[in-house]
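Report on the structure
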Amino acid sequence: MTMTTTTDDVALIVTGPHGFSGAQQIMSGIIYELSREGLCVHYIGFERPFRFRTNDADQIAFHTVKDISSGAIGDLKPIKSSDVLAVFTIAEQMTDLAIKLHSTGSRLILWGVYMFPYGHAAWLSKRTLTEMGLPADLWLTPAGSDMWEIGPQVRNTTKGILGSSEVSVLITYTRQFADEITTMYELNRPFVTAYPILDFSRFHAASAAERAQARKVLQVRESELLISSHSNMRPVKMPEAVIDIAAAVAERTDRQITLAMVGPKIAFPTRKRSRNFRLIQTGVVDRVEEVLRAADVELNCSFHDSFNLSLAEAMACGVPCVSTDVVGIGQEILASECGLLFSCVRSSDGKNRCSFDFESAVNCVLTLVNSERLRRRMSKNASAHARRVFHRDSVISSYCEIIHNTEAREEC
């Protein structure tokens, strides 16, 4: 058995989400770093990923999915919308590109991040290439919403793709999430786990000057305690519960409590709150670290989460975390003693309902509000631990190992 392939010989064709989601941010960070390792990286999607709207990524080739046009598409026609053809349009472009790259002698890897429609499209492209006799590896990376919300509604398809012999490697962020998928879909195959990568030029503990400037921009006084919460604000993140917890904390302390919610602005029910509580909705921002530099505590109420990149970013910025205990990153929060977790129990009826200990959540935040010494200790632990476990070198070495191990299996 020999291993002759280097990363310079590998062409990666990846498809995945482009919007404001953890899966997109994680995928973008990894393909950026893989391109720096010498891989020829192509991204196929509906738009340029959010992370690359402002970041330089000249070494990645971006391809926009082309719509299919036909007189058979439209209301009262056989195909209601061209959107329903997304799986096929993505797959076709992946296959076209794979054929061209194959002629250069590159070893091909197709990677679908987020199962529907992206992972499904990557799987379909791999099936097509197999029928054509063209070799390619297929990586699939499911995400939380995929497996918990969409997958159960198309269970047979999900299980069939995850268990398909066309799939070379199933990759996810944590062993906890891998075990959840294995149980939910009765799989009999292993996962490879690899953490996300953080950009420590952006996500780092704030200096006194950086903190002062960040709070000035947000119009937050130094005497206020600022709770941050950044997410895509979908129901699974329970943004209303985040507000209720922060407001309850304000009711139990004399200190001014300000909650900064970073992500898509949404409407919340109007309720009477205590005078020492204030809510800021920043909307979607390109530089979330500028809010984290001002924050004292990061609060998360997800009721399922394959990882939770937001908490990792908060850790790297030295912000103590309070979160439900279902998040994949939870083990790192506990290991580094940089935050507190409260219990969250999912319903067993498959309807994505959950309950959590509200009083425990409020008390966790209050514990941090009432102890500056504890916050400082957790802050120091958080930033140091994040630098150890989310550094690009250790994560990229895991992906390079996947590349070479797959090749080794093929050559045996």
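Below: a short report on this structure.

Rules and cut-offs
- Residues numbered from 1 in each chain as written.
- Predicted model: local features only at pLDDT ≥ 70, side-chain atom pairs only at ≥ 80, totals over all residues.
- Heavy atoms only, no water.
- Helix = DSSP H or I, 4+ residues; strand = E, 2+ residues; numbered from the N terminus.
- Rg over C-alpha atoms; globule rule 2.2 N^0.38 Å.
- Buried < 20%, exposed > 50% of the residue type's maximum accessible area, 1.4 Å probe, protein only.
- Contact = heavy atoms within 4.5 Å.
- Areas by Shrake-Rupley, 256 points an atom, 1.4 Å probe, with all protein chains shown as cover.
- Lys, Arg positive; Asp, Glu negative; His and termini not counted.
- Charge placed at Lys NZ, Arg CZ, Asp CG, Glu CD.
- Core = buried A, V, L, I, M, F, W, Y, C linked by side-chain atoms within 4.5 Å.
- Axes fitted to C-alpha atoms, helices over the stretch in contact; angles between N-to-C directions.
- Parallel < 35°, antiparallel > 145°, perpendicular 65-115°, else oblique.
- Nonpolar A, V, L, I, M, F, W, Y, C, P; charged D, E, K, R; others polar.
- Phe/Tyr/Trp six-rings, centres within 6.5 Å; stacked < 30°, edge-to-face > 60°.
- Left-handed = near helix turned anticlockwise from the far one by under 90°.
- Pairing = 2+ DSSP bridges.
- Polar contact = N/O pair within 3.5 Å; in protein donor to acceptor, adjacent residues only side chain to side chain.

Before going further, it helps to spend a moment on the overall build of the protein chain. Along its length, the protein chain carries 14 helices and 15 strands. By the compact-globule yardstick of 22 Å for 412 residues, the protein chain fits well, its C-alpha radius of gyration being 22 Å. Taken over the C-alpha atoms alone, the protein chain extends approximately 70 × 55 × 40 Å along its principal axes. Within the protein chain, the proportion of its 412 residues that are buried is 57%. Of all intrachain contacts in the protein chain linking residues separated by at least 6 positions in sequence, the fraction that spans at least 24 positions is 67%. Working note: accessible area of the protein chain is about 17900 Å², and carbon and sulfur atoms make up 50% of it. For the protein chain, the distance from the average position of its 44 positive side-chain charges to the average position of its 47 negative side-chain charges is 6 Å.

In this structure, Ile31, Trp111, Trp139, Met315, Ile329, Phe390 and Tyr399 are the most contacted members of the largest nonpolar core, which totals 103 residues. Counting residues in each nonpolar core, the second largest holds 35 residues, with Ala250, Val365, Leu368 and Val369 among its members.

The next thing to look at is the packing of helix H12 (residues 358-369) against helix H13 (residues 372-389). The interhelical angle for the contact between H12 and H13, taken along N-to-C directions, is 100°, at an axis separation of 6 Å. Viewed along their axes, H12 and H13 adopt a mutual orientation that is roughly perpendicular. For the pair formed by H12 and H13, the contact residues are Thr367, Leu368 and Val369 on the first element and Leu374, Arg375 and Met378 on the second. Of the residues assigned to the contact of H12 with H13, the class counts are four nonpolar, one polar and one charged.

The geometry of an aromatic ring pair is captured by the separation of the ring centres together with the interplanar angle, meaning the angle of the planes. Applying the stated criterion across every chain yields a total of twelve aromatic pairs. Ring geometry for Tyr173 versus Phe307: centroids 6.3 Å apart, planes at 65°, classification edge-to-face. Linking Tyr173 in the loop between strand E6 (169-172) and helix H6 (175-185) with Phe307 in the loop between strand E11 (297-300) and helix H10 (309-316), this pair joins segments that are 134 residues apart in sequence. By the burial criterion, Tyr173 is buried, and Phe307 matches it.

A separate point is the packing of helix H5 (residues 155-162) against H6. In the contact formed by H5 and H6, the axes pass within 10 Å of each other and the chain directions differ by 120°. Relative to H6, H5 is oriented oblique. Between H5 and H6 lies a crossing of left-handed hand. Two secondary-structure elements touch here, H5 through Arg155, Thr158, Lys159 and Leu162 and H6 through Ile181, Met184 and Tyr185. Here the residues of the contact of H5 with H6 sort into four nonpolar, one polar and two charged.

Reading across the sheet, the seven strands line up as E3-E2-E1-E4-E5-E6-E7 and stay open at both edges, with parallel pairing between neighbours. Two strands in the sheet have a free side with no partner beyond their single neighbour: strand E3 (60-64) and strand E7 (192-193).

Quick look at unusual backbone geometry now. Cis geometry is adopted by the peptide bond preceding Pro117, which originates at Phe116 and carries an omega value of 5°. As for its placement among the helices and strands, Pro117 is situated in helix H3 (residues 115-131). A positive phi angle, close to 50°, is found at Glu186, a residue other than glycine. Looking at the secondary structure, you find Glu186 in the loop between H6 and E7. On the basis of relative accessibility, which here comes to 55%, the residue Glu186 falls in the exposed class. Phi is positive for Met238, which is not a glycine, with a value near 45°. Secondary-structure assignment places Met238 in the loop between strand E8 (225-230) and helix H8 (239-251).

Looking at the secondary structure, you find Asp296 in the loop between helix H9 (289-292) and E11. The exposure class of Asp296 is buried, given its relative accessible area of 7%. Side chain to side chain, Asp296 and Arg215 meet in a polar contact 3.3 Å long. Only 2.8 Å separates the side chain of Asp296 from the backbone nitrogen of Leu226, close enough to count as a polar contact.

So, to be careful, I would describe these as geometric facts and stop short of saying anything about function.
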